[in-house]
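Residue-level listing of the chains:
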Amino acid sequence: MPVPPWRERRKPTPARRALSYDQIVDAAMIVLDADGVDGMSMRRVAQELGTGAASLYAHVQNKDELVDAVLDRVFAEVAIPEPSGNWREDFIRLAYATRDALQRHRDIAKALWGKVPTGAHALRLADHVYGVFREIGLPDRLVAWAGPLLFDYITADAYEGNLYAATYGDQSGSARYFEGLGDYFASLPPDRFPNIAGMARTLTSGGGDERFEFGLDVILTGLEAKASQSLRDRGGDA
């Protein structure tokens, strides 16, 4: 893979012991799963390997580059579904696979905010998504915007899910939280908050998967409508 323009090419750095790039990423994954993104420092990863931080700098320049490597290792876990003939169902399966991979590794999803992942496995997923969007008739400009929209939604849901898990433990803990939230909404004065009080139970209904798939359906329905309109504008079949 070519080196991104914002990253300088590494110069050989003397190291205390010979390490491979994959060994470093393996160790970083262990630290990530134990301590989260904030705890995944170069020093902590070096400790996991039983060496000094200088050994890592022969392969990665800094924590940002290490996080990029870990992100791409996570994206490597995402299997692109074989085409079923129904692009929407295929997308939903891919979205679940991506969200599940992110949620398996603590709070790695938050490392995606404010950056575009450029590793080979991340680009593999992005290229696949762009290809499907082009096939259904979206013009390239909308393809370029729709891809990040979809991945931002998946990333946000994965991160929120991990926050709930870290705060409330298992699903029963989250269920108790939302039950209490529904009780609170129902107790609000209806003259001041008529809609929240009137929809108290509905506002807190639905499990994580139900709400996740609802959001996907809204996004994909909108993109499908955009594709149909584009085909009509170009004189193609809707």
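Quick note: structure is the one above.
Residues numbered from 1 in each chain as written. Predicted model: local features only at pLDDT ≥ 70, side-chain atom pairs only at ≥ 80, totals over all residues. Heavy atoms only, no water.

Draft legend 1. Summary view of the overall build of the chain. For the chain, the count of helices and strands is ten helices and zero strands. Secondary structure of the chain in N-to-C order comes out as α-α-α-α-α-α-α-α-α-α. Judged by the C-alpha coordinates and their principal axes, the chain covers about 70 × 55 × 30 Å. Per-residue burial over the chain gives 36% buried out of 238 residues. (Helix = DSSP H or I, 4+ residues; strand = E, 2+ residues; numbered from the N terminus. Buried < 20%, exposed > 50% of the residue type's maximum accessible area, 1.4 Å probe, protein only.)

Draft legend 2. Broad picture of the side chain of Asp 157. Mapped onto the fold, Asp 157 is located in helix H6 (residues 140-168). Once you skip the residues sitting within four places of it in the chain, Asp 157 turns out to touch Arg 99, Gln 103 and Phe 212. (Contact = heavy atoms within 4.5 Å.)

Draft legend 3. Expanded view of the environment of Tyr 177. If you trace the backbone, Tyr 177 turns up in helix H7 (residues 171-187). Relative accessible area serves as the criterion here: at 30%, Tyr 177 is assigned to the partly exposed category. Each C-alpha atom, one on Tyr 177 and one on Val 143, is 38 Å from the other, the two residues being 34 residues apart in sequence. Excluding its chain neighbours within four sequence positions, the residues that come into contact with Tyr 177 are Tyr 164 and Tyr 168.

Draft legend 4. Looking closely at the pattern of salt bridges. For the structure on display, the rule yields 16 salt bridges. Of the charged contacts, one joins Arg 99 and Asp 100 as a salt bridge, the two residues approaching to 3.9 Å between their closest N and O atoms. Judged by its relative accessible area of 32%, Asp 100 falls in the partly exposed class. The network of salt bridges with common partners includes Arg 99, Asp 100, Asp 157 and Asp 209. (Salt bridge = Lys/Arg side-chain N within 4 Å of Asp/Glu carboxyl O.)

Draft legend 5. Expanded view of the environment of Val 78. Here Val 78 shows up in the loop between helix H3 (63-75) and helix H4 (87-103). Spatially, the C-alpha atom of Val 78 lies 14 Å from that of Pro 117, the residues being 39 residues apart in sequence. Excluding residues that lie within four positions of it along the chain, Val 78 makes contacts with Leu 94, Ala 97, Thr 98, Ala 101, Arg 124 and Leu 125.

Draft legend 6. Molecular detail of H6. Over its 29 residues, H6 runs 42 Å from end to end, which matches the ideal 42 Å to within 8%, given 1.5 Å per residue. Considered for burial, the residues of H6 that qualify are Val 143, Ala 146, Gly 147, Leu 150, Phe 151, Ile 154, Thr 155, Asp 157, Ala 158 and Asn 162. The secondary structure elements touched by the buried residues of H6 are H4, helix H5 (120-135) and helix H10 (208-233). Downstream of H6 by a residue or two, Gly 169 has a phi angle that is positive, lying close to 80°. (Expected span 1.5 Å × (residues − 1).)

Draft legend 7. Structural view of a nonpolar patch on the surface. Where nonpolar side chains cluster on the molecular surface, the patch consists of Phe 193, Ile 196, Met 199 and Leu 203 and spans about 300 Å² of accessible area. Inspection of the secondary structure puts Phe 193 in the loop between H7 and helix H8 (194-198). (Patch = residues over 30% accessible without salt bridge, like charges linked within 9 Å, V, L, I, M, F, W, Y side chains within 5 Å. Areas by Shrake-Rupley, 256 points an atom, 1.4 Å probe, with all protein chains shown as cover.)

Draft legend 8. Molecular detail of unusual backbone geometry. Unlike most non-glycine residues, Arg 106 shows phi in positive territory, near 45°. Inspection of the secondary structure puts Arg 106 in the loop between H4 and H5. Among the residues examined, Arg 106 registers a relative accessible area of 39% and is labelled partly exposed.

Draft legend 9. Quick peek at the side chain of His 105. With respect to the helices and strands, the residue His 105 is situated in the loop between H4 and H5. In terms of polar contacts, His 105 uses its side chain to reach the side chain of Asp 33, at 2.9 Å. Residue contacts for His 105: discarding those within four places in its chain leaves Met 29, Leu 32, Asp 33, Val 74 and Glu 77. (Polar contact = N/O pair within 3.5 Å; in protein donor to acceptor, adjacent residues only side chain to side chain.)

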